[in-house]
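One letter stands for each residue in the lines below.
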Amino acid sequence: MLEFLFFILITSDLHPTSALFVVKANKMKHIARYGDIVQLVCNFPVNDNFNMDQLKASWEYINSTSSLRVEILRLNNGKIELLDHKSAHNRRITMLMDELRNGQAVLEITHVKLSDAGTYRCVLQLGGSDYDVTTLDVQASYENISRYTEILSSDGNEMSLTCQSLGFPEAEVNWQTKYVNMCSPAVTSRILTSDGLYNTSSTIKCKEQSSQNIKCVFWNKALNETTEAIFNFQEHESHSTIQTITTIVIICGAIFLTFVLLVIYWKRNEVFQMFQKKRGSGDLLADRLSTYLITNEDMKNTQIFI
């Protein structure tokens with residue numbers, strides 16, 4: 001441990017110029033998007049007899065605002081130690097061990113945050129000692145824009161339109177429409193989240209023909225970037241028309257089915273009544289025939305008796 005601390009101290013202010021051991025960052029500046037994975041790489045010389053246990057490495061973070069330098073990761077005796085557990089880097093950083101044999105000390109940062117931006121210094125010792133620095137710039141564009149529509153009038157001609165997105169730094173939101181006089185002034189709000197992003201929401205109320213398109217545009221001046229979302233009233237009306245037609249078809253189908261059931265019921269009732277009438281006529285005929293047979297039998301018996 002004392003040897004490692006001495007290694008850190010001697011490389012803190014000096015930059016040795018050893019022809020045998022030179023550390024060089026592969027990029028002076030890295031640009032990463034918020035939420036992505038970024039790899040910071042420092043190259044160093046290795047030979048066929050490379051022994052990972054003999055390599056000592058350290059990654060330090062230098063805050064771009066306060067210039068405070070903090071050691072966040074250390075490799076010693078072939079084992080990685082995560083330091084400064086209170087920092088925002090905790091549990092999101094590691095060193096890719098497999099790349100060491102290729103002469104690369106790779107610091108990998110996952111789920112990149114705005115607070116990760118700054119300068120990183122890699123310090124390595126393997127026979128000789130050297131270090132280099134690289135910077136990380138984190139961008140958070142307003143690329144994912146959510147759209148919300150609320151119908152304010154019964155005829156669907158007045159609507160409230162809202163665009164919402166997360167990004168950094170603050171962005172201007174402009175609404176573009178052919179008929180500005182048909183829309184009220186936009187209301188835009190910005191809330192700073194715990195991750196340092198701005199939750200920007202803008203709402204406008206409009207009355208317009210169904211064929212009109214209204215567009216919200218986010219302008220990120222720092223990134224010189226614009227992102228936009230389009231509200232298509234024609235699509236909305238077509239969707240509403242389809243829903244209306246579907247409802248009408250369902251109602252008509254229900255009425256037709258009810259009519260068919262009534263007709264079937266009426267026919268069955270009519271057939272049943274006819275059957276009852278026929279059955280009644282048959283019973284009367286049978287009764288008459290029975291009476292006739294009984295009368296004839298009585299007459300025969302009377303003749304025999306005489």
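What comes next is a walk through the structure. (Residues numbered from 1 in each chain as written. Predicted model: local features only at pLDDT ≥ 70, side-chain atom pairs only at ≥ 80, totals over all residues. Heavy atoms only, no water.)

1. Re the sheet that holds strand β9 (residues 118-126)
And then number 1: Ordered by their spatial adjacency, six strands build an open sheet running β2-β10-β9-β4-β5-β6, and the pairing between neighbours is mixed. A strand with exactly one partner marks an edge of an open sheet, and here the two such strands are β2 (29-33) and β6 (79-82). Sheet twist, expressed as the average angle between the axes of neighbouring strands with direction ignored, equals 25°.
And then number 2: Pairing analysis gives five bridges linking β2 to strand β10 (residues 128-139), with the strands arranged parallel. Looking at β10, one finds that K29 is bridged to T135. (Pairing = 2+ DSSP bridges. Helix = DSSP H or I, 4+ residues; strand = E, 2+ residues; numbered from the N terminus. Axes fitted to C-alpha atoms, helices over the stretch in contact; angles between N-to-C directions.)

2. Here we look at the pattern of salt bridges
And then number 1: For the structure shown, the criterion picks out seven salt bridges.
And then number 2: Notably, a salt bridge pairs K215 with E228, separated by 3.8 Å at the nearest N-O pair. On the criterion of sequence distance, the pair formed by K215 in strand β16 (residues 213-220) and E228 in strand β17 (residues 225-232) is long-range, its members being 13 residues apart.
And then number 3: Take E228: its relative accessible area is 47%, and that puts it in the partly exposed class.
And then number 4: It is possible to trace a salt-bridge network through shared partners that takes in E60, R69 and R121. (Salt bridge = Lys/Arg side-chain N within 4 Å of Asp/Glu carboxyl O. Buried < 20%, exposed > 50% of the residue type's maximum accessible area, 1.4 Å probe, protein only.)

3. Considerations on the state of the cysteines
And then number 1: Tallying each qualifying case throughout the model produces three disulfides.
And then number 2: Across the disulfide, C163 is cross-linked to C216 (sulfur-sulfur distance 2.0 Å). Its torsion about the S-S bond being -85°, the disulfide of C163 and C216 is classed as left-handed. One end of the pair, C163, is in strand β12 (residues 158-167); the other, C216, is in strand β16, with 53 residues separating them in the sequence.
And then number 3: Shown here is the disulfide that connects C183 with C206, its sulfur atoms set 2.0 Å apart. Its S-S torsion of about 115° marks the bond between C183 and C206 as right-handed, since a negative value means left-handed. Of this pair, C183 sits in the loop between β13 (172-176) and β14 (187-192) while C206 is found in strand β15 (residues 198-207), placing the two residues 23 residues apart along the sequence. Exposure class is identical for C183 and C206. Each is buried. (Disulfide = S-S within 2.5 Å.)

4. Brief notes about a nonpolar patch on the surface
And then number 1: Taken together, the side chains of L257, L261 and I264 present a nonpolar region at the surface, about 290 Å² in accessible area.
And then number 2: Relative to the assigned elements, I264 resides in helix α2 (residues 233-305).
And then number 3: Owing to a relative accessible area of 45%, I264 belongs among the partly exposed residues under this scheme. (Patch = residues over 30% accessible without salt bridge, like charges linked within 9 Å, V, L, I, M, F, W, Y side chains within 5 Å. Areas by Shrake-Rupley, 256 points an atom, 1.4 Å probe, with all protein chains shown as cover.)

5. What about the packing of aromatic side chains?
And then number 1: This structure, assessed with the given rule, holds six aromatic pairs.
And then number 2: Note on F21 and F44: the rings are 6.4 Å apart at their centroids and 45° apart in plane angle, and the pair reads as tilted. Taken together, the positions of F21 in the loop between α1 (2-10) and β1 (24-25) and F44 in the loop between β3 (38-43) and β4 (56-63) put the pair 23 residues apart, joining distant regions of the chain. Assigned by exposure class, F21 and F44 land together as buried.
And then number 3: For the ring pair Y61 and Y120, a centre distance of 5.1 Å and an interplane angle of 50° mean the geometry is tilted. Of this pair, Y61 sits in strand β4 while Y120 sits in strand β9, placing them 59 residues apart in sequence. Each member of the pair, Y61 together with Y120, is buried.
And then number 4: Within the aromatic cluster, the residues linked to one another by ring pairs are F21, F44 and F50. (Phe/Tyr/Trp six-rings, centres within 6.5 Å; stacked < 30°, edge-to-face > 60°.)

6. Side note on the sheet that holds β1
And then number 1: The strand order β1-β3-β8-β7 describes an open sheet built from four strands, whose pairing is antiparallel. For this open sheet the edge positions go to β1 and β7 (93-95), each flanked by a neighbour on one side alone.

7. Side note on the environment of G127
And then number 1: Along the polypeptide, G127 turns up in the loop between β9 and β10.
And then number 2: Note on G127: relative accessible area 85%, which makes it exposed.

8. Structural notes on unusual backbone geometry
And then number 1: The peptide bond linking F168 to P169 adopts the cis configuration, its omega dihedral lying at -10°.
And then number 2: Tracing the backbone through its elements, the reader meets P169 in the loop between β12 and β13.
And then number 3: Of note in this structure, N77 is not a glycine but carries a positive phi near 55°.
And then number 4: Examined against the element boundaries, N77 turns out to sit in the loop between β5 (69-76) and β6.
And then number 5: Not every positive phi belongs to a glycine, and N224 is a case in point at roughly 50°.
And then number 6: Assignment of secondary structure puts N224 in the loop between β16 and β17.
And then number 7: Given a relative accessible area of 60%, N224 falls into the exposed group.

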